[in-house]
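# Coordinate inspection notes
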Amino acid sequence: MLDKMFKSVLEQDRSSVVICDLNHVIVYMNPSAKKNYANRGGGELVGKSLLNCHNSDSNEIIRKVVEWFKESTSNNMIYTFHNDKQNKDVYMVALRDDDGNLLGYYEKHEFRNKETADTYDFSKSLV
């Protein structure tokens, strides 16, 4: 039951969630990510290397971040950039098991714009 709840959290998130394993293979994309990356293949990217979606400089940085995650169980999140167009900060986040072993990583988006929906507006869905 809890697995279904966790999956639902990801599925309902308005931010893109792309989860990769330690070989940089995309193992999961939530609906927002599939939509946002539709011009690059959307859901067809699952099972493919994230490194194919980036240039060589970005790939080098991604690899360095993963190595940093491996150095310590305290190394779990790093700020990567601010997107002015969408007014969001972007982070890479380590995914670990209960013993602290690194399983993979994902990119976290934190939007800075104030919500425009009315509070408790039951007439429309935000997702």
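Located above this text is the structure these notes cover.
Before going into details, it helps to say that this report is about the structure given with it. Given the structure is predicted, the values throughout are model-derived calculations rather than measurements.

We now examine the packing of aromatic side chains. The description of two aromatic rings rests on the distance between their centres and on the angle between their planes. Evaluation of the coordinates by the stated rule reveals two aromatic pairs. With a centroid separation of 5.8 Å and an interplanar angle of 45°, the aromatic rings of Trp-68 and Phe-69 are classed as tilted.

With 16 residues, helix α3 (residues 56-71) should cover 22 Å at 1.5 Å per step; its first-to-last C-alpha distance of 23 Å lies within 8% of that length. Where α3 is buried, its residues contact β3 (77-83), β4 (88-96) and β5 (102-111). The residue sitting at the N-terminus of α3 and contributing the capping side-chain oxygen is Asn-55; that oxygen lies 3.0 Å from the backbone nitrogen of Asp-57.

Moving on: the layout of surface pockets. For the largest pocket, the calculated volume is near 700 Å³. Along the wall of the largest pocket there are 27 residues; nearest its centre are Tyr-37, Arg-40, His-54, Phe-81 and Glu-107. Broken down by secondary-structure element, the contributors of at least two residues to the lining of the largest pocket are β1 (18-21), β2 (26-29), α3, β3, β4 and β5. Per-element accounting of the lining of the largest pocket gives the leading share, four residues, to β5. Within the lining of the largest pocket, the residues separate by chemical class into 15 nonpolar, nine polar and three charged. Put simply, the second largest pocket is a space of about 310 Å³. As for the second largest pocket, its lining consists of 13 residues, and the residues nearest its centre are Arg-14, Ser-15, Phe-111, Asn-113 and Glu-115. Along the lines of polarity and charge, the residues of the lining of the second largest pocket split into one nonpolar, seven polar and five charged.

It is worth spelling out the nonpolar core at this point. Counting 16 residues, the largest nonpolar core has Ile-26, Phe-69, Met-92 and Tyr-105 as its most contacted members. Sorting elements by how many residues they give to this core places α3 first, with four residues. Discounting chain neighbours no more than four positions away, the residues touching Ile-26 are Val-18, Ile-19, Cys-20, Leu-45, Val-46, Gly-47, Lys-48 and Leu-50.

Here the focus is the environment of Ile-78. With respect to the helices and strands, Ile-78 occurs in strand β3. You can call Ile-78 partly exposed: its relative accessible area is 28%. The contact partners of Ile-78, leaving out residues within four places of it in the chain, are Val-65, Trp-68, Val-90, Tyr-91 and Met-92.

Phi angles above zero are rare outside glycine, and His-24 is one such case at about 70°. Turning to its location among the elements, His-24 is positioned in the loop between β1 and β2. Phi is positive for Asn-87, close to 50°, though the residue is something other than glycine. Topologically, Asn-87 is positioned in the loop between β3 and β4. A relative accessible area of 24% means that Asn-87 is categorised as partly exposed.

Parameters at a glance
- Residues numbered from 1 in each chain as written.
- Predicted model: local features only at pLDDT ≥ 70, side-chain atom pairs only at ≥ 80, totals over all residues.
- Heavy atoms only, no water.
- Phe/Tyr/Trp six-rings, centres within 6.5 Å; stacked < 30°, edge-to-face > 60°.
- Helix = DSSP H or I, 4+ residues; strand = E, 2+ residues; numbered from the N terminus.
- Expected span 1.5 Å × (residues − 1).
- Contact = heavy atoms within 4.5 Å.
- Polar contact = N/O pair within 3.5 Å; in protein donor to acceptor, adjacent residues only side chain to side chain.
- 1 Å grid on protein atoms, 1.4 Å probe; cavity = no way out; pocket = protein on both sides within 12 Å on 5 of 7 lines; lining within 4 Å.
- Points joined across faces, edges and corners; volume = space filled by probe spheres on them.
- Nonpolar A, V, L, I, M, F, W, Y, C, P; charged D, E, K, R; others polar.
- Core = buried A, V, L, I, M, F, W, Y, C linked by side-chain atoms within 4.5 Å.
- Buried < 20%, exposed > 50% of the residue type's maximum accessible area, 1.4 Å probe, protein only.

That is the geometry; function is a separate question.
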